[in-house]
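# Coordinate analysis (summary)
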Amino acid sequence: MLPLKVHEEFVDFLAGYEPNRIINFHPSSETQERAEALLLKKQNQTLTKEEKYELDYYLMLEHIIRLAKAKALKRLAA
């Protein structure tokens, strides 16, 4: 697991880099479809070990992007 300080520094970097671009960021439809397919496989308990790793990676990135968007919104509101 990444130390919290590194995580926060990365989120701050993203949020400070053109906040409007961060707020308006959305993954491609291909990426969204893949993540949804993996989530469905997880519900059906048919994920392979590699797919679980891939899903965990998507979810971690989604979490980081959400945190960056929240910080970017705060910066724009200030």
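A brief structural summary. (Residues numbered from 1 in each chain as written. Predicted model: local features only at pLDDT ≥ 70, side-chain atom pairs only at ≥ 80, totals over all residues. Heavy atoms only, no water.)

This brings us to the overall build of the protein. Scanning the protein for helices and strands turns up four helices and zero strands. Mapped in sequence order, the helices and strands of the protein form the string α-α-α-α. The C-alpha radius of gyration computed for the protein amounts to 15 Å, which surpasses the reference 12 Å derived for 78 residues by more than 25%, pointing to a less compact arrangement than a globule. Each of the three principal axes of the protein carries a C-alpha extent, and together these read 45 × 30 × 15 Å. Within the span of the protein, comprising 78 residues, buried residues form 17% of the whole. Taking the contacts inside the protein whose residues are at least 6 apart along the sequence as the reference set, 69% of them involve residues at least 24 apart. Accessible surface, the protein as shown: approximately 6400 Å² in total, 60% of it carbon and sulfur. Averaging the locations of the 12 positively and 12 negatively charged side chains of the protein gives two centres separated by 5 Å. (Helix = DSSP H or I, 4+ residues; strand = E, 2+ residues; numbered from the N terminus. Rg over C-alpha atoms; globule rule 2.2 N^0.38 Å. Buried < 20%, exposed > 50% of the residue type's maximum accessible area, 1.4 Å probe, protein only. Contact = heavy atoms within 4.5 Å. Areas by Shrake-Rupley, 256 points an atom, 1.4 Å probe, with all protein chains shown as cover. Lys, Arg positive; Asp, Glu negative; His and termini not counted. Charge placed at Lys NZ, Arg CZ, Asp CG, Glu CD.)

Our focus in this paragraph is the nonpolar core. In terms of nonpolar packing, the biggest core is built from seven residues, these being Val-11, Leu-14, Ala-15, Ile-22, Ile-64, Ala-68 and Ala-72. Of all elements in the fold, only α1 (4-16) and α4 (49-77) reach the threshold of two or more residues within this core. Apart from residues lying up to four places away in sequence, Ile-64 is in contact with His-7, Phe-10, Val-11 and Leu-14. (Core = buried A, V, L, I, M, F, W, Y, C linked by side-chain atoms within 4.5 Å.)

Its identity as a non-glycine residue notwithstanding, Gln-45 has a phi of 55°, on the positive side. Relative to the elements of secondary structure, Gln-45 occurs in the loop between α3 (29-43) and α4.

Where α3 contacts α4, the two axes come as close as 10 Å, and the packing angle between them is 125°. In terms of orientation, α3 and α4 fall into the oblique class. Judged by the sense of rotation from one axis to the other, the crossing of α3 with α4 is left-handed. Contact residues: α3 offers Thr-31, Arg-34, Ala-35, Leu-38, Leu-39, Lys-41 and Lys-42, while α4 offers Glu-51, Glu-54, Leu-55 and Tyr-58. Its residues assigned to classes, the contact of α3 with α4 shows five nonpolar, one polar and five charged. (Axes fitted to C-alpha atoms, helices over the stretch in contact; angles between N-to-C directions. Parallel < 35°, antiparallel > 145°, perpendicular 65-115°, else oblique. Left-handed = near helix turned anticlockwise from the far one by under 90°. Nonpolar A, V, L, I, M, F, W, Y, C, P; charged D, E, K, R; others polar.)

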